[in-house]
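Here's the letter readout for the chains.
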Amino acid sequence: MKEQLESLVGMMVERGILLEEAMAEFEKKFIKRVLEHARGNQCRAAETLGIHRNTLSRKITEYHLDQASRRR
């Protein structure tokens, strides 16, 4: 996994992706995957992520993940 991450970081640097953009995209995808694993249970997902449920709720809104989960 470390090699895959190194490769991904290298590609992002070459393409001029800013750190803030990369971190936001990673966080969005990570939260989405944990929510899927928790079957949409925000309390369980927040616990898995190690953040408060209110923080998770704010990030779900920020990243428009609430709309994606309603489509299913």
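Up top is the structure these notes are about.
The rules we used
Sequence order sets the numbering: in each chain, residues are counted from 1 along the sequence as written. Per-residue local features are limited, in this predicted model, to residues with pLDDT of at least 70; the limit for side-chain atom pairs, both in listing and counting, is 80 or more; totals at the level of whole chains, interfaces and linings are taken over all residues. Side-chain metrics rest on all non-hydrogen atoms present in the structure, leaving aside hydrogens and water. Among the buried residues, those of types Ala, Val, Leu, Ile, Met, Phe, Trp, Tyr and Cys that are joined through side-chain atoms within 4.5 Å form a nonpolar core. Partly exposed residues are those whose accessible area sits between 20% and 50% of the maximum for their type, while under 20% is buried and over 50% is exposed, using a 1.4 Å probe and protein chains only. A run of H or I in DSSP counts as a helix once it spans at least four residues, and a run of E counts as a strand once it spans at least two, with each numbered from the N terminus. Contact definition: two residues touch when any of their heavy atoms are within 4.5 Å. In a helix, the anticipated span is given by 1.5 Å times the number of residues less one.

Undergrad: Got a minute to help me understand the nonpolar core in this structure?
TA: Judged by nonpolar contacts, Ile31, Val34, Leu35, Ala38, Ala45, Ala46, Leu56, Ile60, Tyr63 and Leu65 together constitute the single largest core of 10 residues. Among the elements of the structure, helix 2 (19-37), helix 3 (42-49) and helix 4 (53-62) are those that each provide at least two residues to this core. Ignoring any residue separated from it by four or fewer positions in sequence, one finds Ile31 in contact with Leu49, Leu56, Lys59, Tyr63 and Leu65.

Undergrad: Looking at this structure, how should I read helix 1 (residues 2-14)?
TA: Over its 13 residues, helix 1 extends 18 Å from the first C-alpha to the last, a length consistent with the 18 Å expected when each residue adds 1.5 Å. Looking at the residues trailing helix 1, positive phi occurs at Gly16, about 80 degrees.

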